[in-house]
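Secondary and tertiary structure notes
Residues per chain are reported as follows:
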Amino acid sequence: GNSHQENTQLKPRCKCPAGWQQFAKTCYFFSSTTKPWLAAKDFCTNFNSHLAIKFLANHIMDHRVFWLGLTDMHTEGNWKWVDGSILSLSFWNSGEPNNVGHQGEDCATIYSSGHWNDATCSNAEPWVCERSCYCPSNSHW
Ligand SMILES: [Ca+2]
Ligand SMILES: [Ca+2]
């Protein structure tokens, strides 16, 4: 029958902006350059997205390190996601977060292993933006 076709017409497949990668209903932008954490955060905001929070390590296709949308810059040791959600499940690497150095370490990175490290926010690192996919019929892009 043509039930699949009808279903497709009723529920248009959601899309991601050009140059973004789609995993289920989530779109990811993998940077090809590096920025300090706050500049990376602003970059994502400018593209109607935020630094990655629901990011899965098996989405990483190379061995780079990326900024996550996770910081304790407001209260040392109190890690918060950039969307305001609390940190309920964490994947810190062994010995992390250790807040080392005279500037401390208040911004989280993710290794390709999926483990996290707290790093100095002014470091320049690659980043990942995350947003929901959008339906072409009611997009405001
Ligand atoms: Ca810290
Ligand atoms: Ca650290």
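Preceding block: the structure.
In this report, the structure presented in the accompanying data block is examined. The model shown is predicted, which means the values in this text are computed figures rather than measured ones. (Residues numbered from 1 in each chain as written. Chains lettered and ligands numbered in written order. Predicted model: local features only at pLDDT ≥ 70, side-chain atom pairs only at ≥ 80, totals over all residues. Heavy atoms only, no water.)

What to know about the coordination of the calcium ion (ligand 1)
- Only Asp72 (OD), Asp72 (OD), Glu76 (OE), Glu76 (OE), Asn99 (OD1), Glu105 (O) and Asp106 (OD) from the protein reach the calcium ion (ligand 1) as donors, at distances of 2.4 to 2.7 Å.
- Along the chain, the residues that donate to the calcium ion (ligand 1) are spaced as D-x3-E-x22-N-x5-E-D. Placement of glutamate 76 in the loop between strand S4 (66-71) and strand S5 (80-81) and of glutamate 105 in the loop between S5 and strand S6 (107-110) is noted, with a sequence separation of 29 residues between them.
- According to the relative accessible area criterion, glutamate 76 is partly exposed, its value standing at 48%.
- In this structure glutamate 105 comes out as buried when scored by relative accessible area, which is 9%. (Donors = N, O, S within 2.8 Å, 3.2 Å for Na, K, Ca; no water. Helix = DSSP H or I, 4+ residues; strand = E, 2+ residues; numbered from the N terminus. Buried < 20%, exposed > 50% of the residue type's maximum accessible area, 1.4 Å probe, protein only.)

Things to note about the nonpolar core
- Trp20, Phe29, Trp37, Leu51, Trp67, Trp127 and Cys129 are the most contacted members of the largest nonpolar core, which has 17 residues in total.
- Of all elements in the fold, only strand S2 (26-30) and helix H2 (37-46) reach the threshold of two or more residues within this core.
- Considering each element in turn, this core owes the most residues, 4 residues, to H2.
- When residues no more than four places from it in sequence are discounted, the contact partners of tryptophan 37 are Leu51, Trp67, Leu68, Gly69, Leu70, Thr71, Met73, Val82, Cys107, Cys121 and Asn123.
- Counting 14 residues, the second largest nonpolar core, distinct from the first, contains Leu68, Trp81, Ile110 and Trp116. (Core = buried A, V, L, I, M, F, W, Y, C linked by side-chain atoms within 4.5 Å. Contact = heavy atoms within 4.5 Å.)

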